[in-house]
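# Residue-level structural notes
Below, each chain spelled out in residue letters.
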Amino acid sequence: DTGVSQDPRHKITKRGQNVTFRCDPISEHNRLYWYRQTLGQGPEFLTYFQNEAQLEKSRLLSDRFSAERPKGSFSTLEIQRTEQGDSAMYLCASTPPGTFYEQYFGPGTRLTVT
Amino acid sequence: DAKTTQPPSMDCAEGRAANLPCNHSTISGNEYVYWYRQIHSQGPQYIIHGLKNNETNEMASLIITEDRKSSTLILPHATLRDTAVYYCIVRVDNSGYSTLTFGKGTMLLVSP
């Protein structure tokens, strides 16, 4: 069990650029979640996949955000035309089949938009 | 999901028990109480959860009042590595919409 991994761990970009983050869940975990966390706040839910299907999206996920999980394994989160308000920690979590209570979180990707 | 209220910060001496309170006065009968913690620069980590009975695992104990309107997470012998933000979350288990709603949590500082 290598845990949930995220890449990159840090990303600095200029306003207006596009960025893409990757999340590799724990093997055989069929549910995958993306959260965003700003300084001093708890994580906020963005979106949720069960296998390759995106089942729920938060209102926080504007049209500039898109997430995919093409083969039900790793997932990507893309932000287009980044804004300074997008600066945050982006967290990924996964859960195995049949388990709803424990989410295993990755270390996160810290995005800084300058 | 029911709203929770936690103190913003608490201190604890190393080796002593840390008792972290959480109020959830609007909790529904089918909602569970979950606790997660987040150590600095890491993702959140599941600690424990319960419905109405007290629960204990290798990390902590969870005490839920009889009316279920509040709960206490107990770390029996706090260590410096327990310094973290602790989140109390109330949600319906076994729901198809199985996300977590985090508040600001309690920053626990364990000192030597």
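Here we summarise the structure given alongside this text. (Residues numbered from 1 in each chain as written. Chains lettered and ligands numbered in written order. Predicted model: local features only at pLDDT ≥ 70, side-chain atom pairs only at ≥ 80, totals over all residues. Heavy atoms only, no water.)

## Section: the overall build of chain B
- In terms of helices and strands, chain B carries zero helices and nine strands.
- Helices (α) and strands (β) of chain B occur, in sequence order from the N terminus, as β-β-β-β-β-β-β-β-β.
- For 112 residues, the compact-globule formula gives about 13 Å, and the C-alpha radius of gyration of chain B, at 13 Å, lands near that figure.
- A principal-axis box enclosing the C-alpha atoms of chain B has dimensions of 40 × 30 × 25 Å. (Helix = DSSP H or I, 4+ residues; strand = E, 2+ residues; numbered from the N terminus. Rg over C-alpha atoms; globule rule 2.2 N^0.38 Å.)

## Some points on the interface of chain B and chain A
- Residue-level contacts link 21 residues of chain B with 20 residues of chain A.
- Summed over the shared surface of chain B and chain A, the result is zero salt bridges.
- Counting the contacts that link chain B with chain A gives five residue pairs in polar contact (both at pLDDT 80 or more).
- Elements supplying a minimum of two residues to the side of chain B that touches chain A: β3 (31-38), β4 (45-50) and β8 (84-92) of chain B.
- Counting residues per element, the side of chain B that touches chain A draws most heavily on β3(B), which supplies three residues.
- Split by residue class, the side of chain B that touches chain A holds eight nonpolar, 10 polar and three charged. (Contact = heavy atoms within 4.5 Å. Salt bridge = Lys/Arg side-chain N within 4 Å of Asp/Glu carboxyl O. Polar contact = N/O pair within 3.5 Å; in protein donor to acceptor, adjacent residues only side chain to side chain. Nonpolar A, V, L, I, M, F, W, Y, C, P; charged D, E, K, R; others polar.)

## Re the sheet that holds strand β6 (residues 61-64) of chain B
All names here are of chain B.
- Taking strand neighbours across the sheet as the criterion, the four strands line up as β2-β7-β6-β5 in an open arrangement whose pairing is antiparallel. With partners counted over all chains shown, the strands left at the sheet margins are β2 (18-23) and β5 (55-56), one partner each.
- In terms of strand pairing, β2 meets strand β7 (residues 70-75) through six bridges, oriented antiparallel. Opposite Ala18, over in β7, you have Leu75 as the bridge partner. (Pairing = 2+ DSSP bridges.)

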